[in-house]
Amino acid sequence: MPNDISEQICQQVKQAQQSAQPLSIHGSHSHDFMLPEFAESQQLNMNEHQGIIDYQPTELTVTALSGTKLEEIQQTLAKEHQRPSTDFPAFSADATLGGAVSIGHTGSARPYYGAIRDHILGASLVNTSGEIMHFGGQVMKNVAGYDVSRLLAGTRGTLGPILEITLKVQPIPEQQSTLCMDLDENAAIEIMNRLAGQSLPISASVFFDNTLYIRLEGTEAGIQQAQKTINGQPMADGVDFWNSIQQQKHDFFTSSQPLWRVIVPATTPGLKLENQQSSLIDWCGGLRWVQASEVSTADIENIREKGGYIESFRGSKPMQQADLMSPLQKQMHAKIKSAFDPDQLFNPALSNFA
Amino acid sequence: MAFDPHTGQFEFSNWDLQSVIADLLEFIPAPNLLHKASQLSPYECDGLSAYHKVPKMVVLPETIKQCQQIVKYCKKHSIPVIARGAGTGLSGGVLPVEQAIVLSLAKFNRIQKIDPLQRLAIVQPGVRNLAITEAAAQYNLYYAPDPSSQIACSIGGNVAENSGGVHSLKYGLTVNNVLSLKVINSDGDLLDIGGGECMDSPGFDLLALMHGSEGLLGIIVEVTVQLIPKPESAQVVLAAFNKITDAGAAVRDIISSGIIPAGLEMMDKLATQAAEDFVHANYPLAEALLLCELDGSQSEIEQQMEKVNQILKNSHSHDIRLSQNDSERALFWAGRKAAFPAVGRISPDYYCMDGTIPRKALPEVLGKISDFSKQYGLRVANVFHAGDGNLHPLILYDANKTGDLQKAEQFGADILKHCVDKGGTITGEHGVGVEKIDQMCHQFHSSELLKFHQIKALLDESGILNPGKAIPSLHRCAELGAMHVHNGKLPHPDIPRF
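Keep in mind that this is a model prediction, so the values were computed, not measured. (Residues numbered from 1 in each chain as written. Chains lettered and ligands numbered in written order. Predicted model: local features only at pLDDT ≥ 70, side-chain atom pairs only at ≥ 80, totals over all residues. Heavy atoms only, no water.)

1. So, the overall build of chain A
Helices and strands together make up the secondary structure of chain A, namely 11 helices and 16 strands. Over its C-alpha trace chain A gives a radius of gyration of 21 Å, about what one expects of a compact globule, namely 20 Å for 354 residues. Across its three principal directions, the C-alpha atoms of chain A cover 65 × 50 × 35 Å. A burial count over chain A gives 62% of its 354 residues as buried. Long-range contacts, defined here as pairs at least 24 residues apart, represent 69% of the contacts in chain A between residues at least 6 apart. (Helix = DSSP H or I, 4+ residues; strand = E, 2+ residues; numbered from the N terminus. Rg over C-alpha atoms; globule rule 2.2 N^0.38 Å. Buried < 20%, exposed > 50% of the residue type's maximum accessible area, 1.4 Å probe, protein only. Contact = heavy atoms within 4.5 Å.)

Next comes the structure, spelled out in structure tokens:
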């Protein structure tokens, strides 16, 4: 049974507004390591607000309260041979849907199935007066009003507590298979992109330690045909491998070195940061995970010149998103923040756009 | 503030044509400034010609800098600006308002870059949707969203409306296929929105906010789109049903069998008849006609087609035909793609609606539409993107008959309200524009509408960007008596009623 505590959450927001006390909105804390410290005076815990409130397999939609665990959603969908429409990274068993949307980072399927935000159909949000606002809906196509539900992806709770989210879901493909190829970094980047330009049932490609891993998902016939086209070695424990990437339990992610998240155009050749120890390439080349004791100004500049950006992820001082924006982008963020939260009630320490 | 969301009033100065022409000539060449009656009439409406007004002036800038200069000028002089693409919109989104300058992006028609390895194209906003696919064809890539107007509509307009198409269930809408934008805000500043050529960007998803914002938040001057590989093969199956409920059941069963068709379309008897008379696709005449397209590798299609065929038989389809080659596939689609003009041949005028509903509500909603049809004495042909629940009832009327247009509009409004009551929306892909502005009052409560107005007011302080469209004023909703009690809640409790 869903445990809907919307009323309690709205009440807490109202009180916060009346007493002018900012709120620290959080789920399972599974991303705290990457967020700047924020100890606002009051905690707004979304964890209890959980449960699937509507699941219609034939409509391909699921609506859940924001504190619902991703694991519960996955298990419920799996009973109907369905799953979320893209990879949701989960770093702990109690990672929540609201947390995943608020952070907005997508797993390895990003280049093939789209980002998390691509599969958000609707959401409800609490305004500073403690009223519930509904945006989007439970249907596939909806262009009435501004697309506030997708806007919420990546907002880190700074526009208000998200109460409910409707996601598009997809059937679980009949089969999954993983192929490996031994290659150097630049050859791997080129091959990932070449393959992505062909009609093949690829759903992820990762390069690590001179091996390119390609995940195929589809019908039995489709996968057999793709295996013939791609000249790779089948990997026996492919499912475990992809889980270890999604949950960051792979050896690469468990190192004690600080971890950086680098976003670049997918075909950018291999990066060599000054203090780089190791790297793992995901998203068909568009996401480079880099281990480095620290990052130099020259590294930052070099990545910016390539059209991308670098952010600290784990093990070093967390960064503000605003630090990665141009002055005009910051200004636009500040305006949107003030449209939703003029009183600076919601996670103000995470939204210093001014 | 020039624009008041509560009343919908905006105060724009009654500017002097000659002095504005003289000012704009300082940075816009004379041939790109249209102000004579004969030049202006093509700009009086978009694809929804029931609403029309001749603008006072049309400007056709050729550079981003000129666009910025125009916006800065208009802001300074409090002149509304309406950005216009190809003018194929279906909701009156570019209808000129009093005192507005129409800023046409028709001259922004260049494809600036195609990167086949990275599978993206950087294009100017006036580039036609289909032109992107044609240019990418040499790399075996294409741009997926394919609104029926794709031969003429522009990519900038697609972004402004978040256009869909017949393949959106599998391949997504415009918002799912665009990586980044360059946008001019109401200060005339040029903003980068989205990740450039990257798949992520820090902060809020501003790219999503811009999609479907109907020219109210900025003027799109560059679009970076994703291209995807052309499927190896595609095949269509056409199935006829004696009962709409059987066709609805077939749609449900195809989806729950784990197949996501590339396209899944339905037409009712009147629409099928009109399409058949027009393009001679050799359609069987039945209460409902279903078209289901599968794409992928040949072996994949064969495997899935077998399942689909079985489902269609089990759902009592009495006539099932599988396209045997690409030309037959094109013929099967020809009728569907020409459904709107085909219906145009059997009635002096038609009014196209765009509600979206949960698929399971289809038989009930079609039944209700049939009741409304009897009530208003107007015929209706139904064309339906069955895969994503997007319904296009075409209401047939005669504009020359007194009261017919009003009846058609009221009929349409009733359909949209019913879509909302069934858990759907008033517009799936055509936008709100001026046409559905009153129905917005039925779909949203005042706290939500107010939030939309706050976003607009902060991003466009002077209110010059396409004012009066897409989001109704709270006053208008209250005054309209949009008092339909939805889920037991009064929609606009804080607004005085009279």
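2. Overview of the interface of chain B and chain A
Contact residues are listed per partner, giving 93 residues for chain B and 73 residues for chain A. Each partner contributes to the roughly 6,800 Å² buried at the junction of chain B and chain A, and carbon and sulfur atoms together form 61% of this total. Put simply, chain B and chain A have 5 salt bridges between them. A salt bridge links Asp200(B) to Arg261(A); the nearest nitrogen and oxygen atoms lie 2.7 Å apart. Connecting chain B to chain A are 28 residue pairs in polar contact (both at pLDDT 80 or more). If you list the elements that add at least two residues to the side of chain B that touches chain A, you get α6 (168–171), β11 (190–194), α7 (206–210), α8 (244–256), α10 (298–314), α15 (437–443) and α16 (446–459) of chain B. The element best represented in the side of chain B that touches chain A is α16(B), accounting for 9 residues. (Buried area = accessible area lost by both parts, 1.4 Å probe. Salt bridge = Lys/Arg side-chain N within 4 Å of Asp/Glu carboxyl O. Polar contact = N/O pair within 3.5 Å; in protein donor to acceptor, adjacent residues only side chain to side chain.)

3. Looking at the environment of Leu25(B)
Residue and element names in this part refer to chain B. Its place among the elements puts leucine 25 in the loop between α1 (17–24) and β3 (33–34). Note on leucine 25: relative accessible area 41%, which makes it partly exposed. Considered as a pair, leucine 25 and glutamate 161 are 136 residues apart in the sequence and their alpha carbons are 31 Å apart. What leucine 25 contacts, discounting residues up to four positions off in sequence, is Ala30 and Leu33.

4. With respect to the sheet that holds strand β8 (residues 120–123) of chain B
Residue and element names in this part refer to chain B. Spatially, β7-β8-β12-β10-β11 is the arrangement adopted by the 5 strands of the open sheet, whose pairing is antiparallel. Sheet topology places β7 (111–115) and β11 at the edges, where each strand pairs with a single neighbour. Averaged over neighbouring strand pairs, the angle between their axes works out to 15° when direction is ignored. As paired strands, strand β10 (residues 178–184) and strand β12 (residues 219–226) are joined by 6 bridges and run antiparallel to one another. Within β12, the residue paired with lysine 182 across the bridge is glutamate 222. Where helix α3 (residues 64–76) meets the sheet, its contacts fall on β10, β11 and β12, and the angle it forms with β10 comes to roughly 50°. Running over the sheet, helix α4 (residues 129–136) touches β7, β8 and β12 and is turned about 45° from β7. (Pairing = 2+ DSSP bridges. Axes fitted to C-alpha atoms, helices over the stretch in contact; angles between N-to-C directions.)

5. A look at the pairing of β7(B)
Residues and elements named next belong to chain B. The pairing of β7 with β8 spans 4 bridges and is antiparallel. Note on β8: the bridge partner recorded for aspartate 115 is leucine 120. With antiparallel pairing between neighbouring strands as the criterion, β7 and β8 make up a hairpin whose turn holds 4 residues, including arginine 119 at a positive phi of roughly 60°.

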